[in-house]
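# Structural overview for review
Residue-level listing of the chains:
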Amino acid sequence: MMNWTKLGKIFDPTEHQLHNNCKQFAQSPQVLVLDKCVRIYFTTREVEPTGKYLGHVAFVDFDFDFKNILNISSETVIPLGGLGAFDQHGMFPMNVLKHNEIIYGFTSGLSRRKSVSLETSIGLALSENNGLTFEKYKKGPIVSSSLHEPFLVCDAFVQHYENQFHMWYIYGVKWIKGAEVDGTESRVYKIAHATSGNAIDWVRNSELIIPDKIGDDECQALPTVIKIDNRYHMYFCYRHATGFRNETGRGYKLGYAYSDDLINWTRNDEKSGIELGESGWDSEMMCYPHIFQVQDQVFMLYNGNEFGKFGFGLAVLEKN
Amino acid sequence: MFSWEKLGRIYNPQDFVNRPEWMDEFSQAPCTLILNDTVRVFFGCRPKRDENGQYVTYSTYIDLDRNDLFKVKAFAQKPVLSLGNKGTFDEFGTYPLSILKNDNEIWGYYAGWTRCESVPFNVAIGLAVSENNGESFERMGEGPVIPYTPEEPFTISGPKIRKFNDKFYMFYIAGKQWYLENGKPEISHKIRVAMSDDGINWNKLNRDIIPNHWDKTEAQASPDVFYANGKYHMFFCGWIPSSFRKTKARKIGYAYSTDLINWVRDDSKVGIDISETGWDNEMIAYPHVFKLDDQIYMLYIGNEVGRYGFGIAKLRGDLL
């Protein structure tokens, strides 16, 4: 059994000045641990005159006890793509990995479609200034829809284990016709796994690695993996495909699985050790978990109610 | 210079009053499958525009008498491939189609069309298989077999599938940059190649293989490759996008290669041009070269990008 202690909400975007005309949302917090601070990237939203959103990456720097904000990004961290590009209409989220002194940013780019609201693909960007800004590797995506992964490829989380890069990500398996929620169609997506020697060319087998708990229409998102002793632990969020915004019990919760070989995963949400709050900012929804280590402690960042409109919080793993 | 003798137009949709509604207009990008006493010609067709003035495209075929290619014996009873499911890459079009005999099956590579918000469309190449000589195809997967990649960010189209020396070669076109022409998004494509051992997993060469001839902004399409006399001969078509709407000029170009990778362009050898009058006096485009009973022919489309059908020319002499 994992044992987490919640430390509460640590960042509310509406209390700060953000760039790119962003005012609300700090979604999918993900870290780059630097020498003197923890840089937490998140996606915040610019509202276009049409009412549609553009998702921009921003960051906030915390000290190592997460009590003090040292800095907030004041300019564009990574620009959105140009006309027709896979990331023209937003990036949500960005996962950052430092490996062999190279800082990689794995973005999930959004572009708008006509028959459905959007399509997504995974892009690569690199930073040469400790993560202040990122330059795109190329104009196109490194992982996008393919023969058996027809759409909505996104939510990359990358680690380097056992001499290669591992990416956990999601892809869409279906758009549900006629099941519209708040004007957007419902879709179902699941977690998959890819490997790479260079972080650019990825080998995929399109297998779904995490069993469903609430049926075929379970949506699984944002996998995050950490190795503790000799076991790999994965957290992710999952929800029902419909009614997830307003209906009790159908919104995002955290799921948990473990593996000893990076291939076979055993799902066991009962052992996750973290649940919805009884009241407060994470009482209706928990989503977009991100697990990382600072010094000797393991932490989890996550969003709460309203998909992170009013920020994110933190939990710490108790040592058993 | 090659010497092509135009034999005339084979098919004009308007001449066939009983054609199905979904084959109402156009006959684009023909390609052939030679059967016992029939030459089956696949091409792209369109029903009338929908209420919003937009087209979908299908692939279809007509059967020609092998001994008299001007005799249309039969039509496809329905589109050879359905449109893709909601949200897939080929929801609004499945053309052009290029086919290859692969053991007892016919493999069809096709361009799938989706509609976007900021630009009119995006295109990727899919794979479908037929077990009945191309009367109907089933998708191998719901997503594209040639996906978007870092150096080919969008609009990957116009596949021409070939097998030489037990290796699969795909010649196709890819777009690099959308730009605004009088406020309207336009794109220009260049010819590319990818290689595969199994027809499913592809390695892209990642560079333009045909040098520009008319202008650096020229668009290239329909890279049709034919082997004869120790050389690979490519006939394709090209035009200059900025002048196209005024001049309507699309012309056929030519290049040759001994290794399928390095190509020498020599349009002076092509030996076929627009006519002075008639159905192909403004443009000739989308060439397809094939051999039937020891004679080499070229199918090509005429004015308004095939709105009024395709015709045939016969090679006098040899491809040297």
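### Some remarks on the pairing of strand 15 (residues 231–239) of chain B
All names here are of chain B. Summarising burial for strand 15: nine of the nine residues are buried, a large majority. As judged from the eight bridges shared by strand 14 (residues 219–228) and strand 15, these two strands associate in the antiparallel manner. Paired with Tyr 227 across the strands is Tyr 232, a residue of strand 15. Between the end of strand 14 and the start of strand 15, which pair antiparallel, lie two residues, with Asn 229 showing a positive phi angle near 55°. Bridging between strand 15 and strand 16 (residues 251–257) involves seven bridges; their strand directions are antiparallel.

### With respect to the sheet that holds strand 6 (residues 91–99) of chain A
Residues and elements named next belong to chain A. Strand order in the open sheet formed by four strands is 6-7-8-9, and the pairing between neighbours is antiparallel. The strands lining the two open edges of the sheet, one partner per strand, are strand 6 and strand 9 (135–136). Pairing of strand 6 with strand 7 (residues 102–112) involves seven bridges; the strand directions are antiparallel. By the bridge assignment, Met 91 is partnered in strand 7 with Gly 109.

### With respect to the side chain of Asp 280 of chain B
Residues and elements named next belong to chain B. Structurally, the position occupied by Asp 280 is in the loop between strand 17 (264–265) and strand 18 (285–292). Relative accessible area serves as the criterion here: at 3%, Asp 280 is assigned to the buried category. Here the side chain of Asp 280 touches Lys 6 through a polar contact of 2.9 Å, side chain to side chain. Residues contacting Asp 280, with those up to four places away along its chain left out, are Lys 6, Ile 274, Ser 275, Tyr 300, Gly 302 and Asn 303.

### Let's talk about unusual backbone geometry
A cis amide bond links Phe 92 of chain A with the next residue in sequence, Pro 93 of chain A, at an omega value of -5°. Structurally, Pro 93 of chain A can be placed in strand 6. Pro 96 of chain B follows Tyr 95 of chain B through a cis peptide bond whose omega is -5°. Mapped onto the elements, Pro 96 of chain B comes out in strand 6 (residues 93–102).

### What about the side chain of Thr 57 of chain B?
All names here are of chain B. Locating Thr 57 in the fold gives a position in the loop between strand 3 (38–46) and strand 4 (58–65). Take Thr 57: its relative accessible area is 8%, and that puts it in the buried class. Residues within four places of Thr 57 in sequence aside, it is in contact with Cys 45, Arg 46, Leu 83, Phe 92, Gly 93, Thr 94, Tyr 95 and Trp 113.

Each value, and the rule that gives it
Residues numbered from 1 in each chain as written. Chains lettered and ligands numbered in written order. Predicted model: local features only at pLDDT ≥ 70, side-chain atom pairs only at ≥ 80, totals over all residues. Heavy atoms only, no water. Buried < 20%, exposed > 50% of the residue type's maximum accessible area, 1.4 Å probe, protein only. Helix = DSSP H or I, 4+ residues; strand = E, 2+ residues; numbered from the N terminus. Pairing = 2+ DSSP bridges. Polar contact = N/O pair within 3.5 Å; in protein donor to acceptor, adjacent residues only side chain to side chain. Contact = heavy atoms within 4.5 Å.

From the geometry alone we can't say anything about function, so treat these as descriptive.
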